[in-house]
Structure formats: C-alpha cells, structure tokens
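Structural overview
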Amino acid sequence: MERQEKKEFREKMKRRRDEIPVQERKAADEKRNERILSWRRYREAELLLFYVSCRSEADTLYLIQKAMEEGRRVAVPKVEGTEMKFYRITSFSQLCEGYRGILEPDAQTAEAVRWEEYPEEKVLLFVPGCAFDKTGGRMGYGGGFYDRFTEAHPKFYRAAPAFAAQLAEKVPCEAHDKKVQCIITEEEIIEVKEAAEKETIEAGEAIKEDKEAETYGARAEKAMELFLEGYNCTQAVVLAFADYYEESPETLATMVSSFGGGMGRLREVCGAVSGMFFVAGRLYGYSDPKAKERKAELYARIQELAGRFREKNGAIVCRELLGLKEKVSVPVPEERTKEYYKKRPCPRIIGDAAEILDQYISDNPPRKN
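Residues numbered from 1 in each chain as written. Predicted model: local features only at pLDDT ≥ 70, side-chain atom pairs only at ≥ 80, totals over all residues. Heavy atoms only, no water.

A short note on the overall build of the protein
The criterion, for reference: Helix and strand assignments come from DSSP, with helices taken as H or I runs of at least 4 residues and strands as E runs of at least 2, each series counted from the N terminus. Accessible area is worked out with a 1.4 Å probe on protein chains only. A residue is then buried under 20% of its type maximum, exposed over 50%, and partly exposed in between. By definition in these notes, contact holds between two residues if any of their heavy atoms fall within 4.5 Å. Using a 1.4 Å probe, the Shrake-Rupley method yields the accessible areas, and only the shown protein chains count as cover for residues.
Looking only at helices and strands, the protein has 15 helices and 12 strands in total. Across the 369 residues of the protein, 48% fall into the buried class. Taking as baseline every contact in the protein between residues at least 6 positions apart, the subset at least 24 positions apart corresponds to 67%. When the accessible surface of the protein is totalled, it reaches about 19,300 Å², and 48% of it is carbon and sulfur.

Below is the structure:
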C-alpha cells in the first residue's frame, strides 16, 4: 500500500474509534477489562507492560490501577529520543505529561525496568494501535516506537486491547511492522499464535519448493536452512562451512553479523557473496604483507567466485539482485514472514553462493599452511 493510502486508512480507523458513543465505549471497556483480568496470561505474567491510554484508546487506566492494588509489577513507557524506555510505577502520582500529551513516568520518581530480572516468557506487553486484523496485523500511529521495542524484545508476549470496531479484514502492514500475538476486544480474545506458526511453516514450504527447483549439495542445503532459522545471509553461508574454522559457530556468527543485507542493509555487495569471500580468505588467504603472489592469487580466486555467482544471478550487488530502487534500506530487519520469502530470492541466492563455493573448494583443494 502506498504511503498516502496507508495514511488515509489510519485516519479512517482512528475516526471509527473516535466515533464510538461514550456509553458504548464505557461498556466495551468494562467487558474487555473483565476478560483481561481473568485471562490466564495476565494472571501468570510476572511483569505487566502497559501503555497509558489516552483520548479514545482502549482503556488501560483501570487495569493499571487494579494491578497496582494487587501488588503486581507494573511498568509504563516513556519516549526518549526515538526509543521507548519502561519504568516501574506503584502510583499514578509518578506520571506526568510527556510525549504528545500522553502521561509518562517521571524518571526522577520511577525506576527503570531491569530486564534481566524477569524471564522473557513471563513479560506481557500491551500494545496500542489504530487498527488490527485477526492474523495479528497492527497499524500503530506511525512513530514506530512499539515496532522498535519489539525488535529489541521479540520474546515478550504482545497483546492488543481494542474495540471490536477496530478490527479490519486486512491491515496494510510493511516488513518492519510487528504483529501482535493476541487481540482482546469486548467480544472475544483472539489468540493469533497459531496463525504466526502457520505463516512460518508456509514460509518453510516456499523455500522447500524453491530448493527443489535446483539440485543443491549438503552445504548449500545447510546454508538455506540456517537462513530460515533467522541467520542473515552472510552468517548462513559462513556457518555452512564452520568445520573449516577453529572458532565456534557462535564466534563466527558474531564476526560476520554486520555483513548481512549487503553490509548492514546498505544494499551493497550481497551478504551471501561476502560469506563466500570470507570463507575463501580462510582457505586461500595470506597474512604476510609482503606476499604479493599470495595476494594476487587470492584476489584472482575472489574474482572467479564473483564471476561464477554473477553468471548465475546476473549481479553481486544486493539492491540489484533484489530489484530495489532505494540505495540504502532502513536498519531495522524485515520480519521473516511468508510474504517476505515470496518476494525475496534470498534463500536461493544463499544456496547458489554455498554451492558455488563448495564446488570451487572441491576443484581447488586449499594448501596446508
């Protein structure tokens, strides 16, 4: 959806929420809050992360008050620059007007949450929004605060209190828009975890179909599997050749983590190609700064690997391989959904890189240093 269309959709859904009559809104808030208070996940959570509701949002003030009365651990967000930071509160007196007039914790009287004190699976995050759909799609207010917070804390369970009127057939989501795992309205509790799991399975099947169109060796298969697990393109290729290194897989993954997305999503040299080069350096590289012949030999090998990859895929630059118009992408990685795998040739490209390198090593056994 184009930016203007998305903006218009957001405004339409905000108007729909704003137009709910006062008495109907009050009754809906009461029913929803009753559902939340008796909800198993709410009762079992060790840390409750609430947004502080304002204007026509689904009410959380009542829930915050009840939780504090019960002695539950409650935290609410404060906008600091482009990020949100959560602070523990025990009283509404610790709140003051903050970002866009929303009540926020006073950093002088409230204590910042120390995440290491809480098991991730026991943290419940309540997420606001303009619109939601039953697959967990969410449209926020355009600031991206909750998307970035979720990126940093992906294992926190995300629930969205909402009015039934906020449910849409399909919310227009972009790759960086994070879904919620549950939507709670006055009418029902919609758990969407199963839908997310189904989406992951379908993504795996899409990769499997792509792989079946080619004949790949074991290392290429491994590289593609690693990518599906969530490793970036460079990591997937390098870890498929981890047995050539003395370093642990964890160390290797860390060493090459910045190369993904064409060098930190700069969309320059493809991360899978960088992975090939990294492994080639290990097997054919040099350390002596005066070893001109070894340097020339290595560069010749790198150019040959690049040539083989370019011959098969038409380019070695990320943005060209993906057909992207922008020169640099936003730094936030895209969510690995079925749609992601459908529109991206990355699994096949990673398989190609690993296969090319594996065949090259077979034809050119590394010398023993």
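Things to note about the sheet that holds strand 1 (residues 47-49)
Definition in use: Note on pairing: two strands pair once DSSP finds at least 2 bridges between them. Here the axes come from fitting lines to C-alpha atoms, over the contacting stretch only for helices, and the angles between their N-to-C directions go from 0 to 180 degrees.
A sheet is described by the order of its strands in space; here 8 strands give the open sequence 6-3-2-1-7-10-11-12, paired in mixed fashion. Of all the strands in the sheet, just strand 6 (111-112) and strand 12 (189-191) have a single pairing partner and so form its edges. Here strand 11 (residues 182-184) runs beside strand 12; their pairing, made up of 3 bridges, is antiparallel. By the bridge assignment for strand 12, Ile-183 is matched with Ile-190. This element, helix 2 (residues 22-38), spans strand 7 (123-126), strand 10 (157-161), strand 11 and strand 12 of the sheet and lies at about 135° to strand 11. Strands strand 1, strand 2 (74-80), strand 3 (83-88), strand 7 and strand 10 of the sheet are contacted by helix 5 (residues 145-152), whose axis makes an angle of about 75° with strand 3.

A closer look at the pattern of salt bridges
As a reminder, the rule being used: Throughout this description, the term salt bridge denotes a Lys or Arg side-chain nitrogen within 4 Å of a carboxyl oxygen of Asp or Glu.
Under the counting rule described, the total for this entry stands at 17 salt bridges. One salt bridge in this structure joins Arg-308 and Glu-304, with 2.8 Å as the shortest N-O distance. Of this pair, Arg-308 and Glu-304 both sit in helix 12 (residues 292-313), 4 residues apart, which is roughly one turn of that helix. The exposure class of Arg-308 is partly exposed, given its relative accessible area of 27%. Through salt bridges with shared partners, one network takes in Glu-111, Arg-114 and Glu-117.

Quick word on the nonpolar core
Definition in use: By nonpolar core is meant a set of buried Ala, Val, Leu, Ile, Met, Phe, Trp, Tyr and Cys residues that side-chain atoms within 4.5 Å join together.
The biggest cluster of nonpolar side chains holds 51 residues, and the ones touching the most others in it are Tyr-42, Leu-49, Phe-50 and Leu-124. Setting aside residues no more than four positions away along its own chain, Phe-50 makes contact with Tyr-42, Thr-60, Leu-63, Ile-64, Ala-67, Val-74, Ala-75, Val-76, Pro-77, Phe-86 and Phe-126. In terms of nonpolar packing, the next biggest core, distinct from the first, is built from 47 residues, Ala-242, Met-276, Leu-283 and Tyr-284 among them.

Regarding the packing of helix 12 against helix 15 (residues 346-363)
Rules: Geometric relationships in this document are graded by angle, where less than 35 degrees denotes roughly parallel, more than 145 denotes roughly antiparallel, 65 to 115 denotes roughly perpendicular, and other angles denote oblique. Crossing handedness: left-handed means the near helix sits turned counterclockwise from the far one by under a right angle, and right-handed means the same turn made clockwise. Residues are grouped as follows: Ala, Val, Leu, Ile, Met, Phe, Trp, Tyr, Cys and Pro are nonpolar; Asp, Glu, Lys and Arg are charged; every other residue, Gly included, is polar.
Two elements in contact, helix 12 and helix 15, have axes separated by 10 Å at closest approach and are oriented at 135°. With respect to their mutual orientation, helix 12 and helix 15 come out oblique. In the crossing of helix 12 with helix 15, the sense of the turn from one axis to the other is right-handed. For the pair formed by helix 12 and helix 15, the contact residues are Arg-301, Glu-304, Leu-305, Arg-308, Phe-309, Lys-312 and Asn-313 on the first element and Arg-348, Ile-349, Asp-352, Ala-353, Ile-356, Leu-357 and Tyr-360 on the second. A per-class count over the contact of helix 12 with helix 15 returns 7 nonpolar, 1 polar and 6 charged.

Examining the environment of Arg-10
Inspection of the secondary structure assignment puts Arg-10 in helix 1 (residues 3-18). Look past the residues within four positions of Arg-10 in its chain and what remains in contact with it is Cys-130, Met-139, Gly-140, Tyr-141 and Gly-142.

All we've got here are geometric facts, nothing functional implied.
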